[in-house]
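Structure at a glance
Read off the chains here:
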Amino acid sequence: EEAWQQPILLCGHPGAGTSTLATKLSARFDDSEILVIAAGAHDAAKTAALADDLEALDLPLAHAPDAAALHGVMAQAAGRKVIIDTACRSPLDRAQIQDFMKAAGAAGMLAISAEAAGAEAMGAAEAAAAIGITRMIVTGLDVARYLGAALSAADATKLSLVSASVTPHFGFGLRAFTPENLARRLMAAAHPERWRAAPL
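The notes below deal with the structure included here.

Conventions and cut-offs
In this convention, every chain numbers its residues from 1, walking through the sequence in written order. Reporting of local features is limited, given that this is a predicted model, to residues whose pLDDT is at least 70; pairs of side-chain atoms are given and counted only at 80 or more, and all residues count toward the totals for whole chains, interfaces and linings. The side-chain values count all of the structure's non-hydrogen atoms but skip hydrogen atoms and water molecules. Salt bridges are identified by distance alone: a Lys or Arg side-chain nitrogen within 4 Å of an Asp or Glu carboxyl oxygen. Relative accessibility under 20% of the residue-type maximum defines a buried residue, over 50% an exposed one, and the middle range a partly exposed one, all with a 1.4 Å probe and only protein chains included. Residues qualify for a patch when their relative accessible area is over 30% and they have no salt bridge, like charges being joined within 9 Å and the nonpolar side chains of Val, Leu, Ile, Met, Phe, Trp and Tyr within 5 Å. The accessible surface values rely on the Shrake-Rupley method and a 1.4 Å probe; as for residues, cover is taken only from the protein chains in view. We count Lys and Arg on the positive side and Asp and Glu on the negative side, and we leave His and both chain ends out. Each charge is placed at NZ for Lys, CZ for Arg, CG for Asp and CD for Glu. Secondary structure follows DSSP: runs of H or I at least 4 residues long count as helices, runs of E at least 2 residues long count as strands, and numbering of each begins at the N terminus. Space inside and on the surface of the protein is sampled on a 1 Å grid over the protein atoms alone, with a cavity defined as a set of points where a 1.4 Å probe fits but cannot get out and a pocket as an open set with protein on both sides within 12 Å along at least 5 of 7 lines; lining residues have an atom within 4 Å of a point. Grid points are joined across faces, edges and corners, and a volume is the space filled by probe spheres set on the points. Following the grouping adopted for this structure description, the nonpolar residues are Ala, Val, Leu, Ile, Met, Phe, Trp, Tyr, Cys and Pro, the charged ones are Asp, Glu, Lys and Arg, and the polar ones are all others, Gly among them.

**Points about the pattern of salt bridges**
- This model, assessed by the stated rule, comprises two salt bridges.
- For aspartate 93, the salt bridge goes to arginine 89, with nearest N and O atoms at 2.8 Å.
- Residue arginine 89 is classed as partly exposed on the basis of its relative accessible area of 37%.
- For aspartate 155, the salt bridge identified is with lysine 158, shortest N-O distance 3.9 Å.

Here it is as structure tokens:
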């Protein structure tokens, strides 16, 4: 809830799942409460997929190719919560993300896939921390068994673990990353026969 005090800007490496996260975060609101914006040079197919997912929730998608356009779109927010899905690049385009955060008055939130290799996760976390991002969401916990790379990256850069995405479904499957939930997941990893049934 603290994160919702500002617009939320999602960023991460390609494949981290920012577009799915944007839909998950917006799923409990209607179009009078939430505005979703695709910012930057998004791949046309991914933008279409995000628009389709939002349409299933009766939510529109706004577009902002650059920071100036994003500033203009923000004027249409009219008190609504705002989620900004930035086009993902590897390595993270820190200058562009900073420009978008400034234009929208947004707080950045890094998405890291649980399947990311250690160097990839650490690189993304270091880049995010360097531009003032303080929160992380871990995605792909429906297919990944281990969390070492994401947890190590969060620890090294002091990023707060906010939530975890536990299903590819765009309408649900976002869980709070509480100490209890994390402990359950780590214990389940020690017992392969049970890990898929873990609550987180």
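Further notes follow.
**What to know about a negative patch on the surface**
- Together, Asp30, Asp31, Glu33, Asp52, Glu55 and Asp58 line one region of the surface with negative charge.
- Considering the arrangement of structural elements, one finds aspartate 31 in the loop between helix H1 (18-26) and strand S2 (34-39).

**A closer look at empty space enclosed by the protein**
- As enumerated under the stated definition, the model contains one cavity of 30 Å³ or more in all.
- Approximately 40 Å³ is the volume found for the largest cavity.
- Counted by class, the lining of the largest cavity contains five nonpolar, three polar and two charged residues.

**A short note on the layout of surface pockets**
- Of the volumes computed, that of the largest pocket is approximately 400 Å³.
- Around the largest pocket sit 19 residues that line it, and Trp4, Leu25, Arg28, Ser163 and Leu174 are the ones nearest its centre.
- Elements represented by at least two residues in the lining of the largest pocket include exactly H1, strand S7 (160-165) and strand S8 (174-176).
- The element contributing the most residues to the lining of the largest pocket is S8, with three residues.
- Grouping the constituent residues of the lining of the largest pocket by class yields ten nonpolar, three polar and six charged.
- Here the second largest pocket defines a volume of roughly 290 Å³.
- If you go around the second largest pocket, you meet 18 residues; those closest to its centre are Thr18, Ser19, His42, Lys46 and Cys88.
- When residues of the lining of the second largest pocket are traced back to their parent elements, those giving at least two are H1 and helix H2 (44-56).

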